Each structure stands twice: as C-alpha cells, then as structure tokens.
Amino acid sequence: MLKKLLSHSAAILLLSVVTGCAVALFLWLLDAVTHIRYAHAWLLYLLPAAGVAIYYLYQLFGKNSEKGNNLLLEEIHQPGAGVPGRMAPLVLAGTIITHLFGGSAGREGTAVQMGGSIAAMVSRWLRPLTLHTPLLLMAGIAAGFGAVFGTPLAGTVFALEVLAVGSYRWRAFIPCLAAALLADYTCRWWQIAHTHYPIQPGLAPFELLLLGKIALAGILFGLAAFLFAELTHRIKSFFTQIVPVRWLIPAIGGVILIALVYLLQTRDYLGLGVTSQQPDGVSLVNAFQPGGVNTFSWWWKLLFTAITLGCGMKGGEVTPLFFIGATLGNALAAPLGVPVDLLAATGFLAVFAGATNTPVACTLMGIELFGPAYMAYFAIGCTAAYLSSGHTGIYSSQLIAHPKLLNRRRHGHETTIAQGFQRRRAFTGKYLQRLRQLLR
C-alpha cells in the first residue's frame, strides 16, 4: 500500500513539474512571437505557407496526434493505440507557427495536449507502478488547463467534467487536483504572469431582475457557443469534401483570413486577442470597459477562429471563446441594463461553458479569476448557456452520457458530439434537398 502511494505520488509530481515547465515555455514563446508579429506586419502574408508547413509537419511526424484533444478523450474512454509522446512538441510547434503568422487561435488546447502527452509518457516510464493510464491522462488535462490559465480548481473539475455531458468521474478528483495545483505552482515559479481582467471588486447586490437578465444573456451566450462549434465543424467538413488536395486547405484558409483583414481594415481579430497592438483596439481586456469593443466584434472573432481551426491550423479554442463571450457581453450590456464588466465576465465564462459543456468548471473559473462576489450570476449564466447550446461542442469525442433538460431525446452512452453533428448535417441536407426540388 505504501509502495503504491509513493509510486502514484512520484508519477503525479513528475507529470506536474514537467507540464508546468512546458506550459511556462509555451506561454513565454507565445508572448514572444506575438510581439514579433506586431513588429513585422508582413508576416501575415506568409500565413498560407505556414498553414501548409503545419499540415506537412503533422503528416510526416504526427501519427494520430492530429486528433488533438479528441485523442485524449478517446484514450480515456477506451484505451487503444495510446497518446504519442511526440504530440507535445508537435502541438507546441504548430501553435507557435499559427500565432507567429497571424492565425486566430487560443492556448488551452495546446496546454491540455502537452499535459496529456506528458502523462502518457510518465505512464509508460513508470509502468506498472503508476496510476491507471486514463486517470493519469485526466491528471495531465487538469495540469495543462490549470497551469495555462492559473486556475487549478477549474482545471481539476474541467478534467472530470469534459469527458461526458452530464457525468463526472469523481474517483480522479484527488490526482487531478494535485496535478493542477503543482503544475500551476511550477508555471508561476518561472515568473509567468497571467492576464488580469478589469472587473470592479466588491459584492454585487443580489437582485432577481438582474438574475433574470443574466439568464437571458446566458441563453444568447449558449447560442453563440453553438454557432462557433457548428461553424468550425462545418468549415472543416466543407473543405474536406470540395478540396481533394489536403495541403491546399490551410493555404486557402490563410488567404481567406488575409482577405478578411483587408475587408475590415483591422488586425485585432488575429492571434489570441487578449490584448491589442493599439491600446484602444478591440481586445479581450478592453471588452470589460464601456465602448471598448464594437457591436459585432464577437462575430468577427468567431469567424476568424472558425476558419483558422476549421482549415487545419493549430491552437486552442478557449481563449477565442473568452473573447467571443466578453465582447458579446459588452454588446448586450447596454440593451439589458447590466454593468458592462459583469456581463463581459459572465459572457467570458458562459460561451466557454456552452462550447465545452462544462458549466461547473467555468463557474469555478469565474471565482478564481474574478472573485466570489458574483458567483451566483456566473453560475446562472454558465448553466443557461450550457442548456441552450444543445448537444454540440468543440470536442467531437465528448460523450453524451445524459441528455440536457432542453433535449430529452434518449442518448446511449456511446453517442458522441460528432455523431450528433452527423445527424444534424443529414437532417439539414434532407430538407435543403426538398427545398431545391420545390424551387425547380
């Protein structure tokens, strides 16, 4: 018993320290390439070539790493070929290339994949002394998520909640919590600073009217999450069907993004979007201030990111989801009569909750990032978004263990988000075909 406890502790410690160091390196590189892109505007014109380079990087060395976060979920649900150790350096390189040349992507996916890949390597190194591999993979997810955002409690629950809609694997709570806390501490030890969002401190008065407005906004945040997930899936499916030469897909995506930049005459929707090259530009931080963003900033970031990821470039989805939610909250604040910073913070969390089906983790993230004063509003917003986003999401291998309240159709335990997307695609295709026949 003591030997098992010591071996498990050693595995978690090794996983956490290595993941924390890897995430610190990633965040440092991400900041560096963002400043390089700011200083050299011409790099944007190489985005199509960068997309092709990422494609061949994964073709030559990737094996099954191309599946990304979905591979981690599949290996936890039903262990198979395993998670390759090469996933960590590949996703790090792919994400840095995407950001250097202007792709609109995030960082959570990269950190989670690095954590999962490192967990798989630790499992192989210490077998048979260490934890069951799926549990260690969950700990890797928690470590990567907790370290990249500085939110270890949210990272812990995210790893338990993201596997299946309406289901939690609480037996992994202690290893996930330990991994998230240690990885976050390691990342901070390297003096990596996390972003501060300007929300007013203090206890907001609990008002039923305000709670109702937050719930209404939460429904809209959930619809935005649904739109993002569906559009990203459909862009990927569309280009896969019409472009037989696969390396052309990221090149076409890069050309479209360059065209959008010139159409809008702004580069504010490239990269992470946490801050802008210009102090008064559209950014995630400025979304917390009245007039800090435009009415449709949320839509443009959604479109830029869906094209970037749908065409095969690398990076996470979560930071763009934060951007989409915060800017949509900024746009809704005045019509609903809600303080801008409160609704921006709620949107920040709720769109993420709707797109990943993780309302509890997102509520905890709100407490860690913004404090406990607005906890009730965050919980209502995230729950409303979760329910209104339907059975969709950014992780196609996520299981639907239990149907949501607004969709009572029975789902088996083997039903995934991807299968739901295929059903919706077949449904819309059938009715579009009927419409074409009527118009003849």
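Quick note: structure is the one above.
None of these values were measured; they are calculated from a predicted model.

A.B. asks: Now, about the overall build of the protein: what can you tell me, with residues and values included?
C.D. replies: A count of helical and extended segments in the protein gives 16 helices and 2 strands. Burial statistics for the protein: of 440 residues in total, 57% are counted as buried. Long-range contacts, defined here as pairs at least 24 residues apart, represent 76% of the contacts in the protein between residues at least 6 apart. When the accessible surface of the protein is totalled, it reaches about 18800 Å², and 66% of it is carbon and sulfur.

A.B. asks: Requested: an account of the pattern of salt bridges, with residues and values cited.
C.D. replies: What the rule picks out here adds up to 4 salt bridges. In this structure, the salt-bridge partner of Asp184 is Arg188, at a minimum N-O distance of 3.1 Å. Taken as a pair, Asp184 and Arg188 lie in helix H8 (residues 173-189) at a separation of 4 residues, close to a single helical turn. By relative accessible area, Asp184 is classed as buried at 8%.

A.B. asks: How would you summarise the environment of Leu153 if you had to cite specific residues and measurements?
C.D. replies: Along the chain, Leu153 turns up in helix H7 (residues 152-161). On the accessibility criterion, Leu153 (41% relative accessible area) is partly exposed. Once the C-alpha coordinates of Leu153 and Ala178 are considered, the two residues, 25 residues apart in sequence, prove to be 9.9 Å apart. If near-sequence neighbours (up to four positions away) are discounted, Leu153 is found in contact with Leu177, Leu364 and Glu368.

A.B. asks: If you had to explain helix H12 (residues 318-336) to someone new, which residues and values would you point to?
C.D. replies: For H12, which comprises 19 residues, the first-to-last C-alpha distance of 26 Å matches the rise-based estimate of 27 Å (1.5 Å per residue) to within 8%. Along H12, the largest kink reaches about 25° and is centred on Asn330. A large share of H12 lies buried, amounting to 16 of its 19 residues. With its phi angle positive at about 70°, Gly337 sits one or two positions after the end of H12.

A.B. asks: I'd like a description of helix H14 (residues 359-370), backed by residues and values.
C.D. replies: Taking 1.5 Å as the rise per residue, H14 with 12 residues should run 16 Å; its terminal C-alpha atoms sit 16 Å apart, in good agreement. By the burial criterion, the buried members of H14 are Pro359, Ala361, Cys362, Thr363, Met365, Gly366 and Phe370. Next to the buried residues of H14 lie helix H6 (133-149), H7, H12, helix H13 (340-356) and helix H15 (375-388). Backbone geometry just downstream of H14 places Gly371 in the positive-phi region, at approximately 95°.

A.B. asks: How would you sum up a nonpolar patch on the surface? Please name residues and give values.
C.D. replies: On the surface, Tyr56, Leu60, Phe61, Val245, Trp247 and Leu248 cluster together into a nonpolar patch covering about 550 Å² of accessible area. Ranked by the residues each element gives to the nonpolar patch, the list is headed by helix H2 (residues 47-61), at 3 residues. Position of Phe61 among the secondary structure elements: in helix H2.

A.B. asks: Any details on the packing of aromatic side chains? Residues and values, ideally.
C.D. replies: All chains considered together, the criterion is met by 25 aromatic pairs. Ring geometry for Trp189 against Trp190: centres 5.0 Å apart, planes inclined by 85°, an arrangement best described as edge-to-face. Look at Trp189 and you get exposed, because its relative accessible area is 56%. Plain terms: the ring middles of Phe370 and Phe378 are 5.7 Å apart, the flat faces sit at 55° to each other, and that makes the pair tilted. Neither residue differs from the other here; Phe370 and Phe378 are each classed as buried.

A.B. asks: Now, about the packing of helix H4 (residues 87-100) against helix H5 (residues 108-126): what can you tell me, with residues and values included?
C.D. replies: Viewed as axis vectors pointing N to C, H4 and H5 meet at an angle of 165°, and their least axial separation amounts to 8 Å. Between H4 and H5, the angle falls in the class roughly antiparallel. Both H4 and H5 take part in a crossing whose hand is left-handed. Of the residues in H5, those touching H4 at Met87, Ala88, Val91, Leu92 and Thr95 are Thr110, Gln113, Met114 and Ser117. Here the residues of the contact of H4 with H5 are counted per class, giving 5 nonpolar, 4 polar and no charged.

What counts as what
- Residues numbered from 1 in each chain as written.
- Predicted model: local features only at pLDDT ≥ 70, side-chain atom pairs only at ≥ 80, totals over all residues.
- Heavy atoms only, no water.
- Helix = DSSP H or I, 4+ residues; strand = E, 2+ residues; numbered from the N terminus.
- Buried < 20%, exposed > 50% of the residue type's maximum accessible area, 1.4 Å probe, protein only.
- Contact = heavy atoms within 4.5 Å.
- Areas by Shrake-Rupley, 256 points an atom, 1.4 Å probe, with all protein chains shown as cover.
- Salt bridge = Lys/Arg side-chain N within 4 Å of Asp/Glu carboxyl O.
- Expected span 1.5 Å × (residues − 1).
- Bend = angle between axes of the 7 residues up to and from the residue.
- Patch = residues over 30% accessible without salt bridge, like charges linked within 9 Å, V, L, I, M, F, W, Y side chains within 5 Å.
- Phe/Tyr/Trp six-rings, centres within 6.5 Å; stacked < 30°, edge-to-face > 60°.
- Axes fitted to C-alpha atoms, helices over the stretch in contact; angles between N-to-C directions.
- Parallel < 35°, antiparallel > 145°, perpendicular 65-115°, else oblique.
- Left-handed = near helix turned anticlockwise from the far one by under 90°.
- Nonpolar A, V, L, I, M, F, W, Y, C, P; charged D, E, K, R; others polar.

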